[in-house]
Amino acid sequence: MTAYKLLALDMDGTLLNDDLHITDLNLKWIRKAVEAGVTVIFSTGRGFINAIDYAVDMGLDSPMITVNGGEIWSKPHVLLQRKTLDADWISKLHGVTTQYPNTWFWAYTTKRIYNKDSWHELQGELTAHEWLKFGYYDEDIEIIQAIRSEIEAWQGLEISNSSIYNLEINPLGVSKASALEALCEHMGIHMDEVIAVGDSLNDIKAIEAVGLGVAMENAQEEVKAAADAVTFSNNEHGVAEVIRRYIFNEAEAEL
């Protein structure tokens, strides 16, 4: 067995395959880890409302880190910590979209998601909501780079991504790593007792901060460079391989 007590899993591109499913093999090994006393959690850029159904389907009653660390849940529906993004920042971030009319955008409040198609429903009343994260999506990489450069020049915001085609904006200092640190303190465990697995820039800080940081084979190259190890892709049961190899130390056994 292992000295690791917590396994923090990104969802999209990591736990989920390209069809947004958890494979039977991943689920089998996650259940083995839980039965062995390891706490398995989601550490995702998704909002709670987009992640909770997976936890329920898996039978997980463990903590959750959502919106890139903006929210920490001690268990489903029990909020431990929340870091919000000021409405003035949301207004400024939305203002950028006027320069790029074909770019998709969205933002999480604590209650729901507003996107390009539903933004008009806000009627300009941004301060009536608690905001968590703002995002942009465009398959034109030059546009994504231009938006990133503009936001970086402002300073004061945390910028990451969950795909090479998007940007995800959180309050400064909010990351999966900062959330893991707070959660570990709450649980009474050390960061070196944690494995973090991911594929995108929003995973890098966590991968660097924990005892074992693992990148998926399909991860962005910067993530692989930051990781201690690289596992199989999200379509090849990479999470199951992490559990088999690093939690159960079964280096030669077949999945």
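Counting restarts for each chain: residues are numbered from 1 in the order of the written sequence. Residue-level local features of this predicted model are given only where pLDDT is at least 70; pairs of side-chain atoms are given and counted only at 80 or more, and the full residue set underlies all totals for whole chains, interfaces and linings. Think of the side-chain values as coming from all heavy atoms in the structure, minus any hydrogens and water.

A. Layout of the overall build of the chain. Across its full length, the chain holds eight helices and 13 strands. Against the compact-globule benchmark of 18 Å for 255 residues, the chain has a radius of gyration of 18 Å, which places it among compact chains. Each principal axis of the C-alpha distribution contributes one length, and for the chain these read about 55 × 35 × 30 Å. Here's how the labels work: a residue is buried when its accessible area is under 20% of the maximum for its type, exposed when over 50%, partly exposed in between, all with a 1.4 Å probe on protein chains only. Looking at the chain residue by residue over its 255 residues, the buried ones come to 53%. Residues count as neighbours in contact if any of their non-hydrogen atoms are within 4.5 Å of one another. In the chain, the proportion of contacts linking residues at least 24 apart, taken out of those at least 6 apart, comes to 55%. Entry remark: accessible area of the chain is about 11,400 Å², with carbon and sulfur atoms responsible for 46%. Positive charges are assigned to Lys and Arg, negative charges to Asp and Glu, while His and the chain termini are left out of the count. Working definition for charges: the position is that of NZ of Lys, CZ of Arg, CG of Asp or CD of Glu. Each charge class in the chain was averaged separately, 19 positive and 40 negative side chains, and the resulting centres sit 5 Å apart. Each helix is a run of DSSP H or I of at least 4 residues and each strand a run of E of at least 2, with the numbering of both proceeding from the N terminus. To get the radius of gyration, use the C-alpha atoms; to get the globule rule, take the number of residues to the power 0.38 and multiply by 2.2 Å. Residue exposure ignores everything except the shown protein chains as possible cover, and the areas themselves are Shrake-Rupley values with a 1.4 Å probe.

B. Inspection of the side chain of threonine 44 at higher detail. Along the chain, threonine 44 falls in the loop between strand E2 (39–43) and helix H2 (48–58). A distance of 2.9 Å separates a polar atom in the side chain of threonine 44 from the backbone nitrogen of arginine 46. For this analysis, a polar contact is any N or O atom pair within 3.5 Å, provided that within protein one partner can donate a hydrogen and the other can accept it, and provided that sequence-adjacent residues contribute only side-chain to side-chain pairs.

C. Quick peek at the packing of helix H5 (residues 176–187) against helix H6 (residues 201–209). Every axis corresponds to a line fitted to the C-alpha atoms, with the helix fit spanning only the stretch in contact, and the corresponding angles, defined between N-to-C directions, vary from 0 to 180 degrees. Where H5 meets H6, the closest approach of the two axes is 7 Å, and the angle between their N-to-C directions is 45°. It follows from the interaxial angle that H5 and H6 lie oblique. Facing Lys176, Ala177 and Leu180 of H5, the residues of H6 in contact are Asn202, Asp203, Lys205, Ala206 and Ala209. Lys, Arg, Asp and Glu make up the charged group, whereas Ala, Val, Leu, Ile, Met, Phe, Trp, Tyr, Cys and Pro make up the nonpolar group; the residues left over, Gly among them, are polar. Taken together, the residues of the contact of H5 with H6 sort by class into four nonpolar, one polar and three charged. Put simply, angles under 35 degrees are roughly parallel, angles over 145 are roughly antiparallel, angles from 65 to 115 are roughly perpendicular, and the rest are oblique.

D. Highlighting the sheet that holds E2. Only strands that DSSP links by at least two bridges are regarded as paired with each other. If you walk across this open sheet you meet the eight strands as E5-E4-E3-E2-E1-E11-E12-E13, and the pairing is mixed. At either end of the open sheet lies a strand with only one pairing partner, and these are strand E5 (78–82) and strand E13 (229–230). Where E2 meets strand E3 (residues 64–66), two bridges bridge the pair, whose relative direction is parallel. In the sheet register, serine 43 faces E3, and the bridge partner there is isoleucine 65. The sheet strands contacting H6 are E2, strand E11 (194–198) and strand E12 (212–215), and the helix crosses E11 at an angle near 160°.

Functional significance is not addressed by these values, which are geometric in nature.
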